[in-house]
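# Architecture and fold: a report
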Number of protein chains: 2
Amino acid sequence: VTHDYLRDGAAIYERSFAIIRAEADLSRFAPLEAHVAVRMIHAAGLVPLAEVIRFGLGFADAARAALMAGAPVLCDSEMVERGITRARLPAGNDVVCTLRDPRTAALAERLGTTRSAAAIELWGERLAGSLVVIGNAPTALFHLIDAIAAGGPRPAAIIGAPVGFVGAAESKAALAESSIGVPWLIVEGRLGGSAIASAAVNALASDRL
Amino acid sequence: VTHDYLRDGAAIYERSFAIIRAEADLSRFAPLEAHVAVRMIHAAGLVPLAEVIRFGLGFADAARAALMAGAPVLCDSEMVERGITRARLPAGNDVVCTLRDPRTAALAERLGTTRSAAAIELWGERLAGSLVVIGNAPTALFHLIDAIAAGGPRPAAIIGAPVGFVGAAESKAALAESSIGVPWLIVEGRLGGSAIASAAVNALASDRL
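Residues numbered from 1 in each chain as written. Chains lettered and ligands numbered in written order. Predicted model: local features only at pLDDT ≥ 70, side-chain atom pairs only at ≥ 80, totals over all residues. Heavy atoms only, no water.

### Here we look at the pattern of salt bridges
A full pass over the atoms with the stated rule returns twelve salt bridges over all chains. Between E188 of chain A and R54 of chain A there is a salt bridge, and its shortest N-O distance comes to 3.2 Å. Within this pair, whereas E188 of chain A is found in the loop between β6 (184–187) and α9 (194–205), its partner R54 of chain A is found in strand β1 (residues 53–55), the two being separated by 134 residues in sequence. Under the relative-accessibility criterion, E188 of chain A is labelled partly exposed at 31%. Close ionic contact of D101 of chain B with R103 of chain B constitutes a salt bridge, the shortest N to O distance being 2.9 Å. Take R103 of chain B: its relative accessible area is 52%, and that puts it in the exposed class. What emerges from the salt-bridge pattern is a single network uniting E78 and R100 of chain A together with R82 of chain B. (Salt bridge = Lys/Arg side-chain N within 4 Å of Asp/Glu carboxyl O. Helix = DSSP H or I, 4+ residues; strand = E, 2+ residues; numbered from the N terminus. Buried < 20%, exposed > 50% of the residue type's maximum accessible area, 1.4 Å probe, protein only.)

This is how it looks when you write it as structure tokens:
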């Protein structure tokens, strides 16, 4: 006797999204924001995530416009990079992760920081106008905020969703409270991670709302 | 003025694990199980995950022995595959994901199931004695259980951590209740995902307990 279960991928997605929309309070989100939030909740398997997703002013439009214009997607971890569905990106956008670049380890040593933070330095001029996705390392998000505040290249939008117990909540609060003026999406507190972050990108890239 | 934050990767890990051990109730776990659970909680940023992590009899020893013996690690998604730290595996173990194998799409069509479930068929004889890691698709876990029950190759251990709203809870309960006799680790309910699943593998592969 084998198990009886839904085997149609599209039907599974539809039923999942219907359950999330029935259970989650999405009333404080604009339609495009709600679309993104549903995908993030889906990736986490956690309806209460809705309560800690925060969109800064103009984020959804800025991030979507950047993707449509072919902006690169710059990721702090390989899991984030791998979670982004290339085929769904609207303009053959580059998806970049420099964490395993051969220069990263020495750069981290020299800067006295983590490899995740040092890897951001290797984005260079690609950072200007990009969509940045931080789904793992608080140090990467802190480093990015400070680099922009110091006059470095400015991304079009930042997804700040590092996860964990040391610095994650603080780095995301710092992004939301900063005066760098780059539109942001954050997950407040400890929650976050590569699946949630890449789901936000996939939602922004999707033309089905 | 730049932000002040902890920049030492090893110190961040240590402080994170100390916070988790202080906040989570790990009393029902054996020492190796607790070590794995701490890493899973760390990946999720969620202390209450401790309440839904369940180890079947003999799982931790069976999974660890398989890794030490050089067993391949078979993954249902590329994010899981990417989340496993190759350098930490004790025997140069292969890490395999067949989701993007060119044969998978046609096989899914023929079997009337998802690509994630069909991809499991391509593991073939590598499944015997392997460590299986399901971190995304409930259909993959259901398909695996049924294939083993039907007399297919038997893995050494199964990590069952698919995430989501349709079939995830049911597929994990099916694994825990099945009579296939393969040691398992599950995350009960909707929670799970690639980061949690790959963290379990990384913990089992680590020699620091």
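### Digging into helix α2 (residues 31–44) of chain A
Residues and elements named next belong to chain A. Across its 14 residues, α2 extends 20 Å between first and last C-alpha, which sits within 8% of the 20 Å expected from 1.5 Å per residue. Burial within α2 is extensive, with 13 of its 14 residues counted as buried. Just downstream of α2, G45 is the residue with a positive phi angle, here 65°. (Expected span 1.5 Å × (residues − 1).)

### Details of the packing of aromatic side chains
Here the structure, examined in full by the defined rule, presents eight aromatic pairs over all chains. Between F142 of chain A and Y5 of chain B, the aromatic rings sit 4.4 Å apart at their centres with planes inclined by 15°, giving stacked as the arrangement. Linking F142 of chain A in helix α7 (residues 138–149) with Y5 of chain B in the segment before α1 (9–23), this pair reaches from one chain into another. Neither F142 of chain A nor Y5 of chain B differs from the other in exposure class; each is buried. Through a chain of ring-to-ring contacts, the aromatic side chains of F29, F55 and F59 of chain A assemble into a single cluster. In this structure, R7 of chain A is placed above the aromatic ring of Y5 of chain A, and the distance from its NZ or CZ to the ring centre is 3.9 Å. (Phe/Tyr/Trp six-rings, centres within 6.5 Å; stacked < 30°, edge-to-face > 60°. Lys NZ or Arg CZ within 6 Å of the ring centre and 35° of its normal.)

### Some details on the environment of I41 of chain B
Structurally, the position occupied by I41 of chain B is in helix α2 (residues 31–44). You can call I41 of chain B buried: its relative accessible area is 0%. The spatial distance from the C-alpha of I41 of chain B to the C-alpha of I20 of chain B is 7.4 Å, given a sequence separation of 21 residues. Contact partners of I41 of chain B, with chain neighbours within four places excluded, come to F165 of chain A together with I20, A24, L26, L46, V47, L49, A50 and I53 of chain B. (Contact = heavy atoms within 4.5 Å.)

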